[in-house]
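# Descriptive structure summary
Here is how the chains run, residue by residue.
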Amino acid sequence: MADKVYPSTTKPATNGTAATKPSFPATKAQQYGATRPAYRPQPASRKRSRGCCCACVLWTTVVIFILIVLAAIAGGIIYALYRPHRPTFVVSGLKISSLNLTSTSHLTTNINLNITTRNPNKKLVYTYNPITISNTTFLRASITSSGVQLDDKSGTKLSSDLKSRGGVALKLELETKVKVKMGGMNTPKARIRVRCQGIKAAVPSGKLATTASVSNAKCKADLRIKIWKWTL
């Protein structure tokens, strides 16, 4: 039986070398090249971290802004409800029992003072040390000093005023602590200073006290109590 010869599909070799049949399917080395460098993981991008920081700063700013707006709204509501005003003070009477100045500028005084204070607020209560003022309150105070040393300028001026027929011009300054009550909320204690001027008094002679003229007296209260966004 004769053998059948089939034509070969392999191309003839060139230069005397045998041809190699390519593999199928192609390998990755054949597709991308055997000289491709190995994969190396890259560090995280800095742009992503910067974007996160910017987002955090933005949200923090937004939250702070919202809190400020809410606080301002709350302060406006409280102000509209209570409409706070400072208390007023009026000198209603002043008597001088003694007012002596020695040649060495030592001052001795004994003064009885009556002050009327009024709270113009309907929903606020002022609590002083150690009294509470809700509407109108009459205060009595005794001012005494023994051997207060004055400087030369003050001593000379006071000595001249004591000899004047028009009397001595007095200026009073009172200071204490106060807190404000608004409904169920109490503010911390703050300093209040009351200055009164326009008082004229004659120097007493003997044991009889003299009554000062207070018709032109005016008092001003200096009070700084901060509640929310407004200052009383």
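Just so you know, these numbers come straight off a predicted model, no measurement behind them.

Conventions used here
Residues numbered from 1 in each chain as written. Predicted model: local features only at pLDDT ≥ 70, side-chain atom pairs only at ≥ 80, totals over all residues. Heavy atoms only, no water. Pairing = 2+ DSSP bridges. Helix = DSSP H or I, 4+ residues; strand = E, 2+ residues; numbered from the N terminus. Core = buried A, V, L, I, M, F, W, Y, C linked by side-chain atoms within 4.5 Å. Buried < 20%, exposed > 50% of the residue type's maximum accessible area, 1.4 Å probe, protein only. Contact = heavy atoms within 4.5 Å. Salt bridge = Lys/Arg side-chain N within 4 Å of Asp/Glu carboxyl O. pLDDT = per-residue confidence, 0-100. Phe/Tyr/Trp six-rings, centres within 6.5 Å; stacked < 30°, edge-to-face > 60°. UniProt positions renumbered as here; feature names shortened; annotations may be inferred.

### A word on the pairing of strand S1 (residues 88-101)
Judged from the 12 bridges that link them, S1 and strand S2 (residues 106-118) form a sheet pairing that is antiparallel. Considered in S2, the bridge of Ser-98 is made with Asn-110. The antiparallel pairing of S1 with S2 creates a hairpin that spans four residues between the two strands, and Ser-105 there sits at a positive phi of about 65°. Bridge count between S1 and strand S9 (residues 210-211): two bridges; the pairing is antiparallel. Bridge assignment links Lys-95 to a residue of S9, and that residue is Thr-211.

### Points about the nonpolar core
A general tendency of soluble globular proteins is for nonpolar side chains to be buried together. Ranked by size, the top nonpolar core spans 31 residues in total, and within it Phe-89, Val-91, Leu-94, Ile-96, Leu-170, Ile-192 and Ile-199 carry the most contacts. Listing elements by their share of this core, those giving two or more residues are S1, S2, strand S3 (124-128), strand S6 (168-182), strand S8 (190-201) and strand S10 (218-223). Among the elements that line this core, the one with the most residues is S6, at six residues. With near-sequence residues (within four places) excluded, Leu-94 lies in contact with Ile-111, Asn-112, Leu-113, Leu-170, Leu-172, Ile-199, Thr-210, Thr-211, Ala-212 and Val-214.

### Overview of the pattern of salt bridges
In this structure the tally under the stated criterion is four salt bridges. Of the charged contacts in the structure, one is a salt bridge between Asp-161 and Lys-157, with a shortest N-O distance of 3.2 Å. With a gap of four residues between them, Asp-161 and Lys-157 both fall in helix H3 (residues 152-162), about one helical turn apart. Its relative accessible area of 55% is what places Lys-157 among the exposed residues.

### Let's talk about the confidence of the model for the chain
For the chain, the average pLDDT comes to 76, and 72% of its residues sit at 70 or higher. pLDDT under 50 marks residues 5-19. Its contacts with residues more than four places away, or in other chains, come to four contacts.

### Structural notes on the packing of aromatic side chains
This structure, assessed with the given rule, holds two aromatic pairs. Look at Phe-89 and Tyr-128: their rings are 6.4 Å apart centre to centre, the planes differ by 80°, and that puts the pair in the edge-to-face class. In this pair, Phe-89 sits in strand S1 while Tyr-128 sits in strand S3, placing the two residues 39 residues apart along the sequence. On the basis of relative accessibility, which here comes to 11%, the residue Phe-89 falls in the buried class. Classification of Tyr-128 as buried rests on a relative accessible area of 6%.

### A short note on the UniProt feature "transmembrane region" (unreviewed entry) in the chain
Those residues carrying the UniProt feature "transmembrane region" (unreviewed entry) are residues 56-82 in this numbering. The span residues 56-82 carries 100% helix and 0% strand; its end-to-end C-alpha distance comes to 39 Å.

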